Number of protein chains: 2
Amino acid sequence: MKWLSEFVHSLGLKFGIYLDFGTKTCGGYPGSMEFLQLDAKTMAEWGVDYVKMDACYSDTKIQANGFAEFEHYLNATNRPIVFACSYPAYQAWRDEPGLNWTQLSENCNLWRMLDDVQDSWVSVRSIMKQYEANRKTLMPVSGPGHWNDLDMLLGGNFGLSLDETRVQFGMWAMHAAPLILSVDLAVMRPDVKKILQAEVVIRVNQDKLGLPSDLIMPDLGIKVWRKKLADFNQGWALAFVYLNDEAGHPTALVTSLNDLGIHGKDAAFKLIDAFTGEEVLTTTASDPFEVRINPSGIVMLVVQPL
Amino acid sequence: MKWLSEFVHSLGLKFGIYLDFGTKTCGGYPGSMEFLQLDAKTMAEWGVDYVKMDACYSDTKIQANGFAEFEHYLNATNRPIVFACSYPAYQAWRDEPGLNWTQLSENCNLWRMLDDVQDSWVSVRSIMKQYEANRKTLMPVSGPGHWNDLDMLLGGNFGLSLDETRVQFGMWAMHAAPLILSVDLAVMRPDVKKILQAEVVIRVNQDKLGLPSDLIMPDLGIKVWRKKLADFNQGWALAFVYLNDEAGHPTALVTSLNDLGIHGKDAAFKLIDAFTGEEVLTTTASDPFEVRINPSGIVMLVVQPL
């Protein structure tokens, strides 16, 4: 495994590994339950950069403290290792206020708490809806060093169109979710690669404020999310998402920065298309502008004060 | 409209128009009910090549004879006009044996009888499932000059991945369904264009025998359809479809032509990938070969006797 780890590093990639806190992994292989300290030490020896710990075959009551214990052993190795915790997905946090989010965010760098993503638009849409429905709980618990993980990015696989690939990548960036590709990099098509390497989208995701976007204008067919940034001269990112598969054609929204809660009398703002990096408009807060969005599509803009 | 018709023809395209047999169209515009003869004459004068007649705002009991009357008027113009009939979609043909398929196929060149397609994989899959469930009724009524219309092709729009685009195009070709693009030709991406211009797929669709494919091997996760051809030295087309969105990876099937009901002791067969046009293998009826299919994907082969 150490050889494999070095090979992965030689490709400019990070080396992640999957463990399970329980007596067995979900696939039935041996789990870490009785070997937390040994497994943490082995991760460091192998040069692992990222540990995802699942929670199959474990009692939900002991998970929070058990994961904390594993984090303690990871830290004791002195190797910087990202710790991804899956135990919230096993807890009934949507129905009862039992999950200690403070403890979670102290022990884990990211966590899975919604359904596993599958390679289909139905699945991506379902996760977006679940996040939206639970955003009052999830937004405040996310911040630098501890993130809501909406699961892997599918772009470059089989089930998403280019528009759907943009929606997932853009919204994960808006929600400040980890951008982890689950794809065969060797066969990725250029148009998908271009989407997943969109520099402005990545900057929005990686903004040092670490704030997730908030839903504004939830009542139109088009949903608009807004994220405050430190970058882009303390600007904002806006995502306009249109999830109507039945329309068959793009839709247009005429709005203004004022409408979207961005103010500044006499100030000018530059609008940048986050997927192309191109400046599309210079405007004031009150001037109307039009946004044209594909069905199952997204328009993502950065608003930069001038 | 005559000017528009000539402009469309100058682009190398056919000019189709939408009418409704009822008192109004589904969108509420004036229908043809009282103007069948006049409308047929006008279509010919305008240089229309294709009339799609819908059936909103009309009594289901008078539709079959009413569409027959319109066909009579179209034929009386002496202009060759393809007549697409939507009235089967308004009849309860799945539940009761009331629809006269013989009359339908004498009067109409194609007909819609399943749900309207929308720009999503969910919709395409649903139509494929409906066709499959009703194939014992639908296969025999299709033949040269009178076809089951599974609705428009979506490739080049927003909601289908490349694999899903291939599935729709390939299966429509296998089912001997009309291949009518519903897309903005001016902005079609090269990879989509390549799929929709796959010459072998189109030849399979246009084969002069006009036979729809039949489902063989319905009990595997992979569905295999087989279509008898006159073309390709009286060969066959085979489609292997894998509709598992949750697998996340391609699957492989090891089979032989014998397994697929294609026999011929000592004979050799050439296998051609219908989407690339490339010869992939020369084999005998009994030799096993492997087919590797993407999730939400298709492999379409032509089997040509040598």
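Fair warning: this is a prediction, and the values are worked out from it, not measured in the lab.

## Observations regarding the nonpolar core
Ranked by size, the top nonpolar core spans 74 residues in total, and within it Phe70, Tyr87, Met171, Trp172 and Met300 of chain B carry the most contacts. At 7 residues, helix H7 (residues 162-174) of chain B tops the list of elements feeding residues into this core. Looking at this core, you find at least three residues from each of domain 1 (1-206) and domain 2 (214-305) of chain B. Leaving out residues up to four positions away in the same chain, Tyr87 of chain B has contacts with Ala55, Gln63, Ala64, Phe67, Leu99, Leu104 and Cys108 of chain B. Residues Leu19, Ala55, Tyr131 and Val183 of chain A belong to the second largest nonpolar core, which totals 73 residues.

## What about the sheet that holds strand S3 (residues 82-85) of chain A?
Within a sheet, neighbouring strands are paired by backbone hydrogen bonds and run either parallel or antiparallel to one another. Residue and element names in this part refer to chain A. Overall, parallel pairing links the 5 strands, which are arranged S1-S2-S3-S4-S5 in an open sheet. Two strands close off the open sheet at either side, each with one partner strand: strand S1 (16-20) and strand S5 (147-149). Sheet twist, expressed as the average angle between the axes of neighbouring strands with direction ignored, equals 25 degrees. Two strands pair when backbone bridges link them, and S3 and strand S4 (residues 110-112) are joined in this way by 2 bridges, in the parallel orientation. Note that in S4 the partner of Cys85 across the bridge is Trp111.

## So, the relation of the copies chain A and chain B
When chain A is fitted to chain B, the residual RMSD is 0.0 Å, and the transformation amounts to a turn of 180 degrees plus an axial shift of 0.0 Å. In the structure described here, the two chain copies are related by an operation that fits a two-fold rotation axis. Judged by C-alpha distance, Ser161 of chain A is the residue of chain A that lies nearest the rotation axis, at 1.9 Å. A share of 100% of interface residues in chain A that are also interface residues in chain B marks the association as one of identical surfaces.

## Details of the domain arrangement of chain A
Residues and elements named next belong to chain A. Domain boundaries in chain A define domain 1 (1-206) and domain 2 (214-305). Measuring from the centre of the C-alpha atoms in domain 1 to the corresponding centre in domain 2 gives 29 Å. Counting from both sides, the interface comprises 25 residues of domain 1 and, opposite them, 25 residues of domain 2. Taking both partners together, domain 1 and domain 2 bury about 2,100 Å²; carbon and sulfur atoms supply 69% of that area. Put simply, domain 1 and domain 2 have 2 salt bridges between them. Of the charged contacts, one joins Lys223 and Glu132 as a salt bridge, the two residues approaching to 3.1 Å between their closest N and O atoms. For the pair domain 1 and domain 2, the number of links is 5 residue pairs in polar contact (both at pLDDT 80 or more). Within the residue set of the side of domain 1 that touches domain 2, elements represented by two or more residues are helix H5 (121-133), helix H6 (135-141), helix H7 (162-174) and helix H9 (199-205). Counting residues per element, the side of domain 1 that touches domain 2 draws most heavily on H7, which supplies 9 residues. Split by residue class, the side of domain 1 that touches domain 2 holds 15 nonpolar, 3 polar and 7 charged.

## Concerning the interface of chain A and chain B
Tallying the contact residues gives 21 residues for chain A and 22 residues for chain B. Of the roughly 1,500 Å² buried where chain A meets chain B, counting both sides, 55% is carbon and sulfur surface. On the chain A side of the contact with chain B, Gln118, Phe158 and Asp245 of chain A bury the most area, a combined 36% of that side's loss. In this structure, the connection of chain A to chain B is made through 0 salt bridges. Viewed at the interface, chain B and chain A are joined by 2 residue pairs in polar contact (both at pLDDT 80 or more). At 3 residues, H7 of chain A tops the list of elements feeding residues into the side of chain A that touches chain B.

How each quantity is defined
- Residues numbered from 1 in each chain as written.
- Chains lettered and ligands numbered in written order.
- Predicted model: local features only at pLDDT ≥ 70, side-chain atom pairs only at ≥ 80, totals over all residues.
- Heavy atoms only, no water.
- Core = buried A, V, L, I, M, F, W, Y, C linked by side-chain atoms within 4.5 Å.
- Buried < 20%, exposed > 50% of the residue type's maximum accessible area, 1.4 Å probe, protein only.
- Helix = DSSP H or I, 4+ residues; strand = E, 2+ residues; numbered from the N terminus.
- Domains from an automatic or database assignment.
- Contact = heavy atoms within 4.5 Å.
- Pairing = 2+ DSSP bridges.
- Axes fitted to C-alpha atoms, helices over the stretch in contact; angles between N-to-C directions.
- Least-squares fit on C-alpha atoms with pLDDT ≥ 70 in both.
- Buried area = accessible area lost by both parts, 1.4 Å probe.
- Salt bridge = Lys/Arg side-chain N within 4 Å of Asp/Glu carboxyl O.
- Polar contact = N/O pair within 3.5 Å; in protein donor to acceptor, adjacent residues only side chain to side chain.
- Nonpolar A, V, L, I, M, F, W, Y, C, P; charged D, E, K, R; others polar.

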